[in-house]
Amino acid sequence: MQQVELDEVAPAVAEGSFVAPNATLAGKVAVYDGASVWYNAAIEADAHPAVLGFKSALLDGAVLQSTADTPASVGHFATIGANAVVSGASVGDSVVVGSSASIGEGAVVGSGAVIQDGAAVAPGTHVPAGEVWGGSPAQFVRKASEGDAINAAGLYEANAAKAQAHASEFVFSTEVC
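Note that residues are indexed from 1 along each chain, following the sequence as it is written. Whole-chain, interface and lining totals are the exception, using all residues; otherwise, since this is a predicted model, local features are given only for residues with pLDDT of at least 70 and side-chain atom pairs are given and counted only at 80 or more. Only heavy atoms go into the side-chain values, all of them from the structure, while hydrogens and water stay out.

Student: In this structure, what is going on with the sheet that holds strand β19 (residues 131-134)? I would like to understand it.
Tutor: What links the strands of a sheet is backbone hydrogen bonding, and the strands pair in either a parallel or an antiparallel sense. For two strands to count as paired, DSSP must find a minimum of two bridges between them. We count a stretch as a helix when DSSP gives it H or I for four or more residues in a row; a strand needs E for two or more, and each element gets its number in order from the N terminus. With respect to topology, 8 strands assemble into an open sheet ordered β3-β5-β7-β10-β13-β16-β19-β20, the strand pairing being mixed. On the outer flanks of this sheet lie β3 (18-19) and β20 (139-143), each paired with one strand and no other. Across 2 bridges, strand β16 (residues 114-115) lies against β19 in parallel orientation. Looking at β19, one finds that Val114 is bridged to Val132.

In structure tokens form, the structure reads like this:
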């Protein structure tokens, strides 16, 4: 993992978390216990903090970044899909953000919400808890179902188990080929 200290502030990573060796953490970053930051993912926090909550996952190629004006946070038990971007936004607990979705600055995604693959949540948008949003620009699709909640729980448990497996497989070497 690449850790970049900004303004004398280094990323804080809980011991029980997993950060892939090619992920990047820069600045005022906090990664909670049980969280995972996957391959080619990045958490960037220059002026404001960026936080990844307990047992949450930032999947391959995804970006969580604060902006010059706004912090970024992902609550507990959330999944941010591959290649998704959360920029200066607040994502609640047990949220699923689909692959290649984007969440703009100042947006708030309530707990238990689902943002569908490829959706674009405009800056400043409020997605209420327990709703499914999709499209570009994203809009209300339907209320989240019990199946959505079960899927969200299954995702965070699967990501946590996968992270433990990957962490146990890494063997770091200082040998030069």
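On we go.
Student: Sorry if this is basic, but what is going on with the nonpolar core here?
Tutor: Soluble, globular proteins show a tendency: their nonpolar side chains are buried together. Core analysis: the biggest nonpolar cluster contains 42 residues, and Val37, Ile43, Ile103 and Ile115 have the highest contact counts within it. If you list the elements that add at least two residues to this core, you get β3, β4 (24-31), β6 (42-52), β7 (57-58) and β9 (72-74). Considering every element that reaches this core, the biggest residue donor is β6, with 4 residues. Here, nonpolar core refers to any group of buried Ala, Val, Leu, Ile, Met, Phe, Trp, Tyr and Cys residues whose side-chain atoms link them within 4.5 Å. Between buried and exposed lies partly exposed: a residue is buried under 20% and exposed over 50% of the maximum accessible area for its type, with that area taken using a 1.4 Å probe on protein chains only.

Student: How should I be thinking about a negative patch on the surface in this particular structure?
Tutor: Among the surface-exposed residues, Asp7, Glu8, Glu44 and Asp46 lie close enough to one another that they form a single negatively charged patch. Locating Asp46 in the fold gives a position in strand β6. The residues that make up patches have over 30% relative accessible area and no salt bridge, and they are joined within 9 Å when like-charged or within 5 Å when they are Val, Leu, Ile, Met, Phe, Trp or Tyr. Using a 1.4 Å probe, accessible areas were evaluated by the Shrake-Rupley method; residue-level cover was limited to the displayed protein chains. The salt bridge criterion pairs a side-chain nitrogen of Lys or Arg with a carboxyl oxygen of Asp or Glu, the two atoms within 4 Å. Positive charges are assigned to Lys and Arg, negative charges to Asp and Glu, while His and the chain termini are left out of the count. Here the site of a charge means atom NZ of a Lys, CZ of an Arg, CG of an Asp or CD of a Glu.

Student: Is there a simple way to think about the packing of aromatic side chains in this case?
Tutor: Each aromatic ring pair is summarised here by two numbers: the centre-to-centre distance and the angle between the ring planes. A pair of aromatic rings is counted whenever rings of Phe, Tyr or Trp (Trp by its six-membered ring) have centres within 6.5 Å, and the orientation is called stacked for planes under 30 degrees apart, edge-to-face for over 60 and tilted otherwise. Using the criterion set out here, one finds 4 aromatic pairs in the structure. Taken together, a centroid distance of 5.9 Å and an interplanar angle of 55° make the contact between Trp38 and Tyr39 tilted. Centre to centre, the rings of Phe54 and Phe77 are 5.5 Å apart; their planes meet at 90°, and the pair counts as edge-to-face. On the criterion of sequence distance, the pair formed by Phe54 in the loop between β6 and β7 and Phe77 in the loop between β9 and β10 (79-80) is long-range, its members being 23 residues apart. Among the residues examined, Phe54 registers a relative accessible area of 29% and is labelled partly exposed. Clustering of aromatic rings is evident, with ring pairs tying together Phe18, Trp38 and Tyr39. For a Lys NZ or an Arg CZ to count as sitting over a ring, it must be within 6 Å of the ring centre and within 35 degrees of the ring normal. A cation sits over an aromatic face here: Lys162 above Trp38, 4.8 Å from the ring centre.

Student: What should I look at first to understand the side chain of Thr79 in this one?
Tutor: One can find Thr79 in strand β10. Residue class for Thr79 comes out buried when judged on its relative accessible area of 4%. Engagement of the side chain of Thr79 in a polar contact is seen with the side chain of Asn159, the distance being 3.5 Å. Only heavy atoms enter the contact rule, under which two residues are in contact if any of them lie within 4.5 Å. Each residue touching Thr79, except ones within four places of it in the same chain, is listed here: Ala57, Leu59, Val95, Val96, Val97, Leu155, Tyr156 and Asn159. Pairing of N or O atoms within 3.5 Å defines a polar contact, subject to two protein rules: one partner must be a possible hydrogen donor and the other a possible acceptor, and residues neighboring in sequence count only if both atoms are side-chain atoms.

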